Amino acid sequence: MGDLLLVRHGETEWSVSGRHTGSTDVPLTENGREQARRLAPLIASHHVGAAFVSPMRRARETARLAGIDGARVDADLSEWDYGGYEGVTTVEIHRTRPDWFLFTDGVEPGPPEHPGESPEEVGARAERMLAKVDAALADTEGSVVVVSHGHFLRVLTARRLGLPASDGALFQLATGTVSRLSTEHRRHVVASWNVRPSS
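Structural notes on the overall build of the protein
Looking only at helices and strands, the protein features seven helices and six strands. Going from N to C terminus, the protein has its helices and strands arranged as β-α-α-β-α-β-α-α-α-β-α-β-β. Here the C-alpha atoms of the protein give a radius of gyration of 16 Å, agreeing with the 16 Å that 2.2 N^0.38 yields for 199 residues. With 199 residues in all, the protein has 48% of them scored as buried. Taking all contacts inside the protein whose residues are at least 6 apart in sequence as the whole, residues at least 24 apart take part in 66%. The averaged location of the 27 negative side-chain charges in the protein is 4 Å from the averaged location of its 22 positive side-chain charges.

Some points on the sheet that holds strand S4 (residues 143-148)
The sheet built from six strands is open, its strands ordered S3-S2-S4-S1-S5-S6 with mixed pairing. Of all the strands in the sheet, the pair left with one neighbour each is strand S3 (72-73) and strand S6 (187-195). Relative to S6, strand S5 (residues 177-184) is paired through six bridges, and the arrangement is antiparallel. From the neighbouring strand, serine 182 faces S6, where its bridge partner is valine 189. Against the sheet, helix H2 (residues 30-44) touches strand S1 (4-8), strand S2 (48-53), S5 and S6, its axis set at about 20° to S5. Across the face of the sheet, helix H6 (residues 119-138) comes into contact with S1, S2, S3 and S4 while running at roughly 150° to S4.

Things to note about the packing of aromatic side chains
Summed over the entire model, instances satisfying the criterion amount to four aromatic pairs. Relative to tryptophan 100, the ring of tyrosine 85 lies with its centre 5.3 Å away and its plane at 80°, an arrangement referred to as edge-to-face. Residue tyrosine 85 is found in the loop between S3 and helix H4 (90-94), and its partner tryptophan 100 is found in the loop between H4 and helix H5 (102-105); the two are separated by 15 residues along the sequence. Consider the rings of phenylalanine 171 and tryptophan 193, whose centres lie 5.5 Å apart with planes at 55°: the pair is tilted. Within this pair, whereas phenylalanine 171 is found in the loop between helix H7 (150-160) and S5, its partner tryptophan 193 is found in strand S6, the two being separated by 22 residues in sequence. Counting every residue linked through ring pairs, the aromatic cluster contains Trp80, Phe101 and Phe103.

Digging into the pairing of S5
When S1 meets S5, the two strands line up antiparallel, connected through five bridges. Among the inter-strand pairings, valine 7 is bridged to a residue of S5, identified as valine 178.

Some remarks on the side chain of threonine 177
Its location among the elements puts threonine 177 in strand S5. Excluding residues within four positions of it along the chain, threonine 177 makes contact with Leu6, Val7, Arg8, Leu39, Asn194, Val195 and Arg196.

Here's the deal with the nonpolar core
Grouped together as the largest cluster of nonpolar side chains are 29 residues, with contacts concentrated most on Leu4, Trp80, Val144, Val146 and Leu156. Tallying contributions element by element places H6 first for this core, with seven residues. Dropping the residues within four chain positions of it, leucine 4 is found in contact with Leu130, Val133, Val144, Val146, Leu156, Arg160, Ser179, Arg180 and Leu181. In this structure, Val7, Ala59, Ile68 and Val178 belong to the second largest nonpolar core, which totals 13 residues.

Describing H7
Burial runs high along H7: 10 of the 11 residues are buried. Along H7, the residues classified as buried are Gly150, His151, Phe152, Leu153, Arg154, Val155, Leu156, Thr157, Ala158 and Arg160. If you follow the buried residues of H7, they end up packed against S1, H5, H6, S4, S5 and S6. Backbone geometry just downstream of H7 places glycine 162 in the positive-phi region, at approximately 80°.

Cut-offs applied
Residues numbered from 1 in each chain as written. Predicted model: local features only at pLDDT ≥ 70, side-chain atom pairs only at ≥ 80, totals over all residues. Heavy atoms only, no water. Helix = DSSP H or I, 4+ residues; strand = E, 2+ residues; numbered from the N terminus. Rg over C-alpha atoms; globule rule 2.2 N^0.38 Å. Buried < 20%, exposed > 50% of the residue type's maximum accessible area, 1.4 Å probe, protein only. Contact = heavy atoms within 4.5 Å. Lys, Arg positive; Asp, Glu negative; His and termini not counted. Charge placed at Lys NZ, Arg CZ, Asp CG, Glu CD. Pairing = 2+ DSSP bridges. Axes fitted to C-alpha atoms, helices over the stretch in contact; angles between N-to-C directions. Phe/Tyr/Trp six-rings, centres within 6.5 Å; stacked < 30°, edge-to-face > 60°. Core = buried A, V, L, I, M, F, W, Y, C linked by side-chain atoms within 4.5 Å.

Here it is as structure tokens:
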């Protein structure tokens, strides 16, 4: 069975400023586009049998610039629904909730179209996505690539390793990186993490 490659999209203005970016369709910066282009050799070094991408423009553009062709758009790869914390930084949230932590506390409710998700809800979505990944891995001789977002990919990793969604907090993930989840003795493992191309 092949590996699962995780690609976090390139830099955006909101990722630089630390604003929670879930449903807001913020484009890549020029640096973010360059980060995505530089991922192409890393991706090409793997035999990719299938690819999935978040519907958000920043993820789809990253996939295109990284040379990931034919990626299937899947809403389950969307970023955490931050609800009332959309566009707000952690520093701002801590002014009124000094002990707040996304991976255990979730978010404040938002408008009906983006009500927010709990860590458990994001974990359940990650499990749905992993079922699709496993089906694709069983159907191909290569690896599967997913292009998505920082917090969601951290939760996805935790669930792949059999950890609770809240343990996504353990996996810091930078923009414009590739990580690889593999198996060892039939158990899921982190084979590489947060890899950027060498300059």
